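Here is what each chain is made of, one letter per residue.
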Amino acid sequence: MKIQCDVCDKDEASVFCSPNEAALCYECDCRIHSANKLACKHLRFSLLHPSFKVAPHCDVYQERRAFLICQEDKAILCRECNLPIHMANDHTKKHNRFLLTGVIHLCTPPTHPPMKHVIP
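None of these values were measured; they are calculated from a predicted model.

Its place among the elements puts Arg 64 in the loop between β3 (44-46) and β4 (68-70). Residue class for Arg 64 comes out buried when judged on its relative accessible area of 12%. Put simply, Arg 64 and Glu 80 are 16 residues apart on the chain and 9.1 Å apart in space, counted from C-alpha to C-alpha.

Next up, the structure:
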């Protein structure tokens, strides 16, 4: 399953804009981020062509590498944050989540100690 563009809802998203919390297709990305000086400075990462030099970081624990995107929360999360957030209740269990392109998923337990979330 591919991530659809949050703006046009027609094409496959090719980038994720962290400040806008939006997945965008090429055309919408160009239109939105060429609008002004501030928009063109937004940090965006490719959903199609991974680059580990510009790897996104978790929205909760920003020192950890992101593992997936939650479509409903518009959040990029590390492996350790994904489970407590998305196992919290029946509603969050149904969220559509997508592995980031180029992320290697190992079937081993997390290396970080379990965390407790405080959600405002």
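In this section: the nonpolar core. Nonpolar side chains in soluble globular proteins generally cluster together in the buried interior. By size, the foremost hydrophobic cluster in this structure holds 11 residues: Ile 3, Ala 13, Phe 16, Ala 23, Phe 45, Leu 47, Ala 66, Ile 69, Ile 76, Phe 98 and Leu 100. Structurally, this core is a two-domain feature, drawing no fewer than three residues from each of domain 1 (1-48) and domain 2 (52-100). One finds Cys 58, Leu 68, Cys 78 and Ile 85 within the second-largest nonpolar core, a separate group that totals 8 residues.

With antiparallel pairing, the 3 strands of this open sheet are ordered in space as β2-β1-β3. Each end of this open sheet is capped by a strand with a single partner; those strands are β2 (22-24) and β3. Each neighbouring strand pair of the sheet contributes to a mean axis angle of 25°, computed without reference to strand direction. Along the sheet, helix α1 (residues 26-33) contacts β1 (15-17), β2 and β3; its crossing angle with β2, the most-contacted strand, is approximately 115°.

Definitions and limits used
Residues numbered from 1 in each chain as written. Predicted model: local features only at pLDDT ≥ 70, side-chain atom pairs only at ≥ 80, totals over all residues. Heavy atoms only, no water. Helix = DSSP H or I, 4+ residues; strand = E, 2+ residues; numbered from the N terminus. Buried < 20%, exposed > 50% of the residue type's maximum accessible area, 1.4 Å probe, protein only. Core = buried A, V, L, I, M, F, W, Y, C linked by side-chain atoms within 4.5 Å. Domains from an automatic or database assignment. Pairing = 2+ DSSP bridges. Axes fitted to C-alpha atoms, helices over the stretch in contact; angles between N-to-C directions. Contact = heavy atoms within 4.5 Å.

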